[in-house]
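Letter by letter, the chains look like this.
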Amino acid sequence: MRRQPTPPIDGSGAPDAPPSDILPCPSCGSRRRSRLFAARDRLHRIDGAFHVTRCSCGLRATDPAPGDIGAYYPPTYYAFGPVGRPPFFGLGLRGLLRTCVLRYHYGYRYGPLGAKLPASGPLAVLLKLLTRPLRRRAALVFGPGPLPPAVEGGRALDVGCGSGVWLLKMQALGWQVEGVEVSPTACAAARAAGLTVHQAQLADARLPADSFDVVRIWHTLEHVPDPALVLREAARLLKPGGTLLIGVPNAGGWMARLFGSYWFDLDVPRHLWHFTERDLRRLVAGAGLQVVRVGYGFYGAYSLLWSLRYCWEERAGYTAEGRSAFERGRLWVRDARIAAPLRVLLRLAERSNHLELTAVLPERP
Ligand SMILES: [Zn+2]
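Reading the values: rules and limits
- Residues numbered from 1 in each chain as written.
- Predicted model: local features only at pLDDT ≥ 70, side-chain atom pairs only at ≥ 80, totals over all residues.
- Helix = DSSP H or I, 4+ residues; strand = E, 2+ residues; numbered from the N terminus.
- Buried ≥ 20, exposed ≤ 12 C-beta atoms within 10 Å, placed from the backbone.
- Contact = placed C-beta atoms within 7 Å.
- Axes fitted to C-alpha atoms, helices over the stretch in contact; angles between N-to-C directions.
- Parallel < 35°, antiparallel > 145°, perpendicular 65-115°, else oblique.
- Left-handed = near helix turned anticlockwise from the far one by under 90°.
- Pairing = 2+ DSSP bridges.
- Core = buried A, V, L, I, M, F, W, Y, C linked by C-beta atoms within 7 Å.
- Domains from an automatic or database assignment.

**Q** Please set out the overall build of the protein residue by residue, giving values where relevant.
**A** From N to C terminus, the protein includes twelve helices and eleven strands. For the protein, the residues scored as buried account for 37% of the 365 residues in total. Considering only contacts in the protein between residues 6 or more positions apart, those separated by 24 or more positions represent 69%.

See below:
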């Protein structure tokens, strides 16, 4: 029997690769990409064969893009669950330290003590000095990623807010918050928590221009068909001088290179794009935003364990019991804080698993 030729991955009219399945590259517009390796949904194990491909501009993609992407987001998807109340710092030493960090390094008056702490004077100087080494840890209290400094009457938007965990935390810090989210399950959870959430793609939500001090696009950009459009819309929504916070898996990191199709954060086909720092910088600059900081985050240990799990499943086969035993073991590792040294290693490796980028919209002249 004659072997069928492998269809090329491009949108130039090959019968097995209809153009609609090959999204135009958000960076250069091309639909021509070369195959790197085969990939499939290893997390939820939903059927479908995909390839990770590379555009001539360097950006990596998942091809073909699934026709019904919603089918790959089951109700058990992690970001859609109900949310609890944001953490309260309490009144112990830990609570006091965190309240001081938020007060003197981020400008927040949070909790019963936050309002009472002096703004200036010797005590303020002393507390600021003492808590300086803890600055980054206060941000962690409110989840991973950079914590924006307080803005009087500040407004924050979370694009792809899931069930609204970050929005509730920001609200607790005094921000006026709104979210945009396409999943009805997640929207229902966010609304049940009292949040204002628009169920739409960002560009379809028709939010007013120049209306937010902070826009956050956290583990969302890699999920959308047109990241360039989302970034342009974010720039339109930001007030001049406003801040954009982006978090994506780092496709240029050594974990991505080491694990290939087993890399946990590849998350095919939910992740349509796989960004390196260079790709992300170019897209953000293309939307008229100025990159002020690039950092590498804290998801490394979690991803490493899951990537190893995927390798194991490939050899030993998948079983639901194995998965749940692994999940219990993973939680034990986390609770035992064995993961902490791994995180240190990942950070030392510099090109780590998770990429965080902060950009600002320049003031108009
Ligand atoms: Zn390209």
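**Q** Describe in detail the environment of H354, supporting the description with residues and values.
**A** Topologically, H354 is positioned in strand β11 (residues 354-360). Look at H354 and you get buried, because 23 C-beta atoms sit within 10 Å. Between the C-alpha atoms of H354 and Y296, which are 58 residues apart in sequence, the distance is 5.3 Å.

**Q** Talk me through the packing of helix α7 (residues 227-237) against helix α9 (residues 277-286); I want residue IDs and the actual numbers.
**A** Two elements in contact, α7 and α9, have axes whose closest approach is 9 Å; the angle formed by their N-to-C orientations is 50°. Taken together, the axes of α7 and α9 are oblique relative to one another. The interaxial crossing formed by α7 with α9 has right-handed handedness. For the pair formed by α7 and α9, the contact residues are P227, A228 and L231 on the first element and L283, V284 and G286 on the second.

**Q** Please set out helix α5 (residues 165-172) residue by residue, giving values where relevant.
**A** Since the α-helix turns once every 3.6 residues, residues separated by three or four places project in the same direction. For α5, the set of buried residues is V165, W166, L167, L168 and M170. The secondary structure elements touched by the buried residues of α5 are β4 (155-159), β5 (176-181) and β7 (212-218). Backbone geometry just after α5 places G174 at a positive phi near 105°.

**Q** Go over the sheet that holds strand β9 (residues 273-274), please, and point to the residues and values.
**A** Taken in spatial order, the four strands line up as β1-β2-β3-β9 in an open sheet, and their pairing is antiparallel. At either end of the open sheet lies a strand with only one pairing partner, and these are β1 (33-39) and β9. The sheet contact formed by strand β3 (residues 60-63) and β9 spans two bridges and is antiparallel. When the bridges of β9 are listed, A61 appears paired with W273.

**Q** Hey, could you go over unusual backbone geometry for me, with residue numbers and the actual values?
**A** Residues D63 and P64 are joined by a peptide bond in cis, for which omega reads -10°. Position of P64 relative to the elements: it lies in the loop between β3 and α1 (93-105). Even without glycine at this site, R45 takes up a positive phi of about 60°. Among the structural elements, R45 can be located in the loop between β1 and β2 (50-55). Located in the positive-phi region is H219, a residue other than glycine, with phi close to 50°. Relative to the assigned elements, H219 resides in the loop between β7 and α7.

**Q** Describe in detail the sheet that holds β5, supporting the description with residues and values.
**A** Pairing within the open sheet is mixed, and its seven strands lie in the order β6-β5-β4-β7-β8-β11-β10. The sheet terminates laterally at β6 (197-199) and β10 (290-296), the two strands that pair on one side only. Strand-to-strand twist across the sheet, computed as the mean angle between neighbouring axes with direction ignored, equals 15°. Relative to β11, strand β8 (residues 238-249) is paired through seven bridges, and the arrangement is antiparallel. Bridge pairing in β11 places P249 opposite H354. Against the sheet, α7 engages β4, β7 and β8, with an angle of about 160° to β7.

**Q** Please give an account of the nonpolar core that cites residues and values.
**A** Core analysis: the largest hydrophobic core is formed by 72 residues, its most contacted members being V215 and A234. Here this core spans two domains, since at least three of its residues come from each of domain 1 (8-72) and domain 2 (148-360). Filtering out sequence-adjacent residues up to four positions away, A234 remains in contact with V159, V215, I217 and L244.

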